[in-house]
Amino acid sequence: MCCSSRPSRAKETRTGRRLVGAVAIVFGILLAVAAASPPAQAQKAPRPPTPPPPTPPPTPSPTDINSDLSGGAAVTNLGSNFLERLGNQASYGFSRALRNNPGGGGASEATDAPRFRAWAEAYGIWARTGAQGDFVGDRRQTWGGVGGIGARLAPGVNVGVSVDQSHTKIDVPLALQAATLDLTQIGANASVDKGPWTWAIALVHGFGKVNSSRDTGAGFARADYNAHIDGALTELSYYGSLDQSRIVPKAAFEYVRASTTSFQELGGLDPVMASGATVERSRILLGAEIGHYWIFDQKIFDLSAYGKFIDNVSQNFSSVTVSLGTESIAVQGISESRYGADAGASASLSLSNAARLYLNYDGKFRAAMQSHQGTVGVELRW
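Keep in mind that what you see is a predicted model, and the values were worked out from it rather than measured.

*Asks:* Looking at this structure, how should I read the overall build of the protein?
*Replies:* The number of helices and strands found in the protein is four helices and 17 strands. The proportion of buried residues among the 382 residues of the protein is 42%. Taking all contacts inside the protein whose residues are at least 6 apart in sequence as the whole, residues at least 24 apart take part in 67%. Here the protein has roughly 19700 Å² of accessible surface; of this, 64% comes from carbon and sulfur atoms.

Spelled out as structure tokens, the structure:
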């Protein structure tokens, strides 16, 4: 009994060892597989979201103040126009002929010339400026009126004062901007005749208000600010006559200084603030007037035309600082071309020695700017 049970126990012992070995092998394989495979939860864990980049602060655009640049140019050109009209009143060939011979070509030079005169004018100006740099171009319409009075202080010495009131509409369609300019100018002129020579001088001081509007896409940004103009012109001319015709060569020097004050837009999206700006321009004008008059029914009808070569010898523009929040940029003003030309014509009808009606056309032609002005006026003498 004892001998037969030993082999059975040995067999059971070997079987148990084999079972334990197999279990160990299977467990080892499971551990290896588990180590090679990442946990299911680790595979499904979402990545943290990437934070969005910070929003940059809004930055002003150079075109935000195109209407302001156009307004400064309008003030400068209106000052020049008024100066040149004042100078022309002093050196206009037909007026000079009337001063020397008020009765016309068939009258005696001994006829007493009227000592005082007064005039009134109404005018319209159509102007456009082409694109240059960050300026996209504009269109301007001006309507105005002038009134003045003058006197002869001594033979050949004449003075006058006048006031010009104008309203200008400025349109900058490509920048979605518009503005209006109301400008008042006070001018004075004087002339001295010496033989065929005439020396004339004119001075202008003006002030006004600009109202601008900019379409921001979320409403209109509006601003109000002031404008000023000062200028001087001196001219020398020589009166050459042949019967009832004349030619009057002229040479002139003109200086103007215009300025606009700073402003802060209100309303709309991202309203900007802009610093004040100044413009200084000096130019030389060289040209001549030709004319002829006819006498009929004790009236005098005169036709004349002129042409001038323009040399803008100096143009200085201050940069404008445009700010939006903490960001700012510098923008340069707009200028005329160095060289250009002026041309015009006039028709005058003297009803008597005391009354005259006239029509004028004045054109200015530059590389990126054109201006056309029509004027109707009346002059009374006594």
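*Asks:* Got a minute to help me understand empty space enclosed by the protein in this structure?
*Replies:* In this approach a probe as big as a water molecule rolls over the atoms, and the regions it shows empty are the leftover space. The full count for this structure, using the stated rule, is six cavities of 30 Å³ or more. As a volume, the largest cavity reaches approximately 420 Å³. In this structure, the largest cavity is lined by 30 residues; those nearest its centre are Arg-85, Asn-88, Gln-89, Asn-360 and Asp-362. Those elements that place two or more of their residues in the lining of the largest cavity are helix 3 (66–91), strand 1 (116–129), strand 11 (277–296), strand 12 (299–317), strand 15 (339–352), strand 16 (355–365) and strand 17 (369–381). No other element matches the six residues that strand 16 contributes to the lining of the largest cavity. Of the residues contributing to the lining of the largest cavity, the split by class is seven nonpolar, eleven polar and twelve charged.

*Asks:* Can you help me understand the pattern of salt bridges in this one?
*Replies:* Think of it this way: side chains of opposite charge can pair up when their charged atoms draw near. Overall, the coordinates contain 20 salt bridges when judged by the stated rule. Across the salt bridge formed by Asp-138 and Arg-140, the nearest N and O atoms sit 2.9 Å from each other. The burial state of Asp-138 is the same as that of Arg-140; both residues are buried. With its nearest N and O atoms 2.8 Å apart, the salt bridge here joins Arg-246 to Asp-302. Of this pair, Arg-246 sits in strand 8 (residues 245–260) while Asp-302 is found in strand 12, placing the two residues 56 residues apart along the sequence. As far as burial versus exposure is concerned, Arg-246 and Asp-302 are alike and both buried. One network of salt bridges, in which partners are shared, links Glu-84, Glu-254, Arg-281, Arg-283, Glu-336, Asp-342, Lys-364 and Arg-366.

*Asks:* Got a minute to help me understand a nonpolar patch on the surface in this structure?
*Replies:* Where nonpolar side chains cluster on the molecular surface, the patch consists of Phe-116, Ile-149, Val-161, Leu-351, Leu-357, Val-378, Leu-380 and Trp-382 and spans about 690 Å² of accessible area. Checked against the element boundaries, Leu-357 lands in strand 16. Taking the relative accessible area as the measure of exposure, Leu-357 reaches 40% and is therefore partly exposed.

*Asks:* Is there a simple way to think about the sheet that holds strand 14 (residues 327–331) in this case?
*Replies:* Hydrogen bonding along the main chain pairs the strands of a sheet, whether they run parallel or antiparallel. The strand order across the open sheet built from four strands is 9-10-13-14, with neighbouring strands paired in antiparallel fashion. Each edge of the open sheet carries a strand with a single partner, namely strand 9 (263–264) and strand 14. As paired elements, strand 9 and strand 10 (residues 273–274) share two bridges and run antiparallel to each other. Counterpart to Phe-263 in the pairing with strand 10 is Ala-274.

*Asks:* It is not clear to me how helix 3 should be interpreted in this structure. Could you clarify?
*Replies:* Side chains that are three or four residues apart share a direction in an α-helix, a result of its 3.6 residues per turn. When the terminal C-alpha atoms of helix 3 are compared, their 37 Å separation across 26 residues agrees well with the 38 Å that a helix rising 1.5 Å per residue should span. With 25 of its 26 residues buried, helix 3 lies for the most part within the structure.

*Asks:* For this particular structure, what's the right way to read the packing of aromatic side chains?
*Replies:* Aromatic ring pairs: the centre-centre distance and the angle between the two ring planes describe each pair. One pass over the structure, following the stated rule, counts six aromatic pairs. With a centroid separation of 4.9 Å and 70 degrees between ring planes, the pair formed by Trp-197 and Tyr-238 is classed as edge-to-face. Highlighted residues: Trp-197 in strand 5 (residues 197–215) and Tyr-238 in strand 6 (residues 220–238), separated in sequence by 41 residues. Pairing Phe-309 with Tyr-339 gives two aromatic rings, centres 5.8 Å apart and planes at 25 degrees, and the pair type is stacked. Taken together, the residues span a long stretch of sequence, with Phe-309 in strand 12 and Tyr-339 in strand 15 at a distance of 30 residues. Of the residues examined, Phe-309 reaches a relative accessible area of 42% and is grouped as partly exposed. Note on Tyr-339: relative accessible area 47%, which makes it partly exposed. Stacked on the ring of Tyr-306, the Lys or Arg Lys-308 has its end atom at 5.5 Å from the ring centre.

*Asks:* Looking at this structure, I do not really get the nonpolar core. What am I missing?
*Replies:* The nonpolar side chains of soluble globular proteins are, as a tendency, buried together. Core analysis: the biggest nonpolar cluster contains 40 residues, and Ile-65 and Leu-181 have the highest contact counts within it. Listed by contribution, the elements that provide at least two residues to this core are helix 3, strand 1, strand 3 (157–172), strand 4 (177–194), strand 5, strand 6, strand 8 and strand 13 (320–324). Sort the elements by how many residues they give to this core and helix 3 lands first, with eight residues. Not counting residues within four places of it along the chain, the set of residues in contact with Leu-181 comprises Gly-71, Ala-74, Val-75, Leu-78, Ser-166, His-167, Thr-168, Lys-209 and Val-210.

*Asks:* Just to check I follow, could you spell out unusual backbone geometry for this structure?
*Replies:* Leaving glycine out, the prevailing phi sign among residues is negative, and the prevailing peptide bond configuration is trans. Even without being glycine, Leu-176 reaches a positive phi, approximately 55 degrees. Secondary-structure assignment places Leu-176 in the loop between strand 3 and strand 4. Judged by its relative accessible area of 51%, Leu-176 falls in the exposed class. We note that Asp-297 has phi near 50 degrees; this positive angle belongs to a residue other than glycine. Mapped onto the secondary structure, Asp-297 falls in the loop between strand 11 and strand 12.

Calculation notes
- Residues numbered from 1 in each chain as written.
- Predicted model: local features only at pLDDT ≥ 70, side-chain atom pairs only at ≥ 80, totals over all residues.
- Heavy atoms only, no water.
- Helix = DSSP H or I, 4+ residues; strand = E, 2+ residues; numbered from the N terminus.
- Buried < 20%, exposed > 50% of the residue type's maximum accessible area, 1.4 Å probe, protein only.
- Contact = heavy atoms within 4.5 Å.
- Areas by Shrake-Rupley, 256 points an atom, 1.4 Å probe, with all protein chains shown as cover.
- 1 Å grid on protein atoms, 1.4 Å probe; cavity = no way out; pocket = protein on both sides within 12 Å on 5 of 7 lines; lining within 4 Å.
- Points joined across faces, edges and corners; volume = space filled by probe spheres on them.
- Nonpolar A, V, L, I, M, F, W, Y, C, P; charged D, E, K, R; others polar.
- Salt bridge = Lys/Arg side-chain N within 4 Å of Asp/Glu carboxyl O.
- Patch = residues over 30% accessible without salt bridge, like charges linked within 9 Å, V, L, I, M, F, W, Y side chains within 5 Å.
- Pairing = 2+ DSSP bridges.
- Expected span 1.5 Å × (residues − 1).
- Phe/Tyr/Trp six-rings, centres within 6.5 Å; stacked < 30°, edge-to-face > 60°.
- Lys NZ or Arg CZ within 6 Å of the ring centre and 35° of its normal.
- Core = buried A, V, L, I, M, F, W, Y, C linked by side-chain atoms within 4.5 Å.

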